[in-house]
Amino acid sequence: MFQGASALALDAKGRLSVPTRHREVLQALCGGQLTLTKHPEGCLMVFPRPAWEQFRDRVAALPMSAAGWKRVFLGNAQDVEIDSAARVLVAPELRAAAGLQKDVMLLGMGSHFELWDAAAYAAHEAQVMQSELPDALKDFSF
């Protein structure tokens, strides 16, 4: 289970350094093989390959009425590997789609990560914190 936020910076070539706390787990879990794709909320999803394969299979099984979303998720998926310097290259098309500049946030979301432009994430989180709790959380104990 991946959790926590990491403030990171993309280098000039669009590479992201994988945080130390996730490196060993990712090597053991997937040999450093990841898949990146678009998220409906404007960020990127970063999956260890086994988690991607499960997600991909669920998306592929969606009915034709979801064909547009299948294209978004599957058609934009990019397979990458963690390099010897513990970096991952984020393709220019995906960087542009998510508005990733230099400063980014990597959020552990359980089975995968979300990769956000830092300013966009700060605005998104502020909006969420100002909104009313959804019904699914109304009986949740904190």
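Worth saying up front: this structure is predicted, and the values here are computed from it rather than measured.

A. Structural detail: the overall build of the protein. The number of helices and strands found in the protein is six helices and eight strands. The secondary structure elements of the protein, listed N-terminal to C-terminal, are β-β-α-β-β-α-α-β-β-α-β-β-α-α. Relative to the globule expectation of 14 Å for 142 residues, the C-alpha radius of gyration of the protein, 16 Å, shows essentially globular dimensions. Within the span of the protein, comprising 142 residues, buried residues form 39% of the whole. Across the protein, the fraction of contacts at a sequence separation of at least 24, relative to all contacts at a separation of at least 6, is 56%. Only carbon and sulfur atoms are counted for the fraction: they give 54% of the accessible area of the protein, which is about 8600 Å². Across the protein, 14 positive and 16 negative side-chain charges occur, with their mean positions spaced 7 Å apart.

B. Just the nonpolar core, in detail. Judged by nonpolar contacts, the single largest core of 23 residues is most densely connected at L26, L34, L36, L44, V90, L100 and L115. Those elements giving two or more residues to this core turn out to be β1 (2-9), α1 (20-30), β3 (33-38), β4 (44-48), α4 (92-98), β7 (103-110) and β8 (113-117). Not counting chain neighbours up to four residues away, the residues in contact with L44 comprise L36, T37, K38, H39, V90, L94, A98, L100, F113, E114 and L115. Ranked by size, the runner-up nonpolar core spans seven residues in total, among them W52, F55, V59 and F73.

C. A look at a nonpolar patch on the surface. A grouping of L133, F140 and F142 is seen on the molecular surface, where their side chains present a nonpolar patch of about 390 Å² in accessible area. Its location among the elements puts L133 in the loop between α5 (118-130) and α6 (135-138). For L133, a relative accessible area of 43% puts it in the partly exposed group.

D. Representation of the sheet that holds β4 within the structure. Across the sheet, six strands lie side by side as β1-β7-β8-β4-β3-β5; this open sheet has antiparallel pairing. Strand pairing shows two members of the sheet lacking a second neighbour, β1 and β5 (78-81), which therefore form its edges. Across the sheet, the axes of successive neighbouring strands diverge by a mean angle of 25°, strand direction being ignored. With four bridges joining them, β3 and β5 adopt antiparallel strand pairing. By the bridge assignment for β5, T35 is matched with D79.

E. Region of interest: the packing of aromatic side chains. In this structure the tally under the stated criterion is seven aromatic pairs. Their ring planes at 40° and their centres at 5.8 Å tell us that W52 and F55 sit as a pair that is tilted. Here F55 and W52 lie together in helix α2 (residues 49-60), a separation of three residues that amounts to about one turn. Judged by relative accessible area, which is 4%, W52 ranks as buried. By way of ring pairs, the aromatic residues F47, W52, F55, W69 and F73 are connected into one cluster.

What counts and what doesn't
Residues numbered from 1 in each chain as written. Predicted model: local features only at pLDDT ≥ 70, side-chain atom pairs only at ≥ 80, totals over all residues. Heavy atoms only, no water. Helix = DSSP H or I, 4+ residues; strand = E, 2+ residues; numbered from the N terminus. Rg over C-alpha atoms; globule rule 2.2 N^0.38 Å. Buried < 20%, exposed > 50% of the residue type's maximum accessible area, 1.4 Å probe, protein only. Contact = heavy atoms within 4.5 Å. Areas by Shrake-Rupley, 256 points an atom, 1.4 Å probe, with all protein chains shown as cover. Lys, Arg positive; Asp, Glu negative; His and termini not counted. Charge placed at Lys NZ, Arg CZ, Asp CG, Glu CD. Core = buried A, V, L, I, M, F, W, Y, C linked by side-chain atoms within 4.5 Å. Patch = residues over 30% accessible without salt bridge, like charges linked within 9 Å, V, L, I, M, F, W, Y side chains within 5 Å. Salt bridge = Lys/Arg side-chain N within 4 Å of Asp/Glu carboxyl O. Pairing = 2+ DSSP bridges. Axes fitted to C-alpha atoms, helices over the stretch in contact; angles between N-to-C directions. Phe/Tyr/Trp six-rings, centres within 6.5 Å; stacked < 30°, edge-to-face > 60°.

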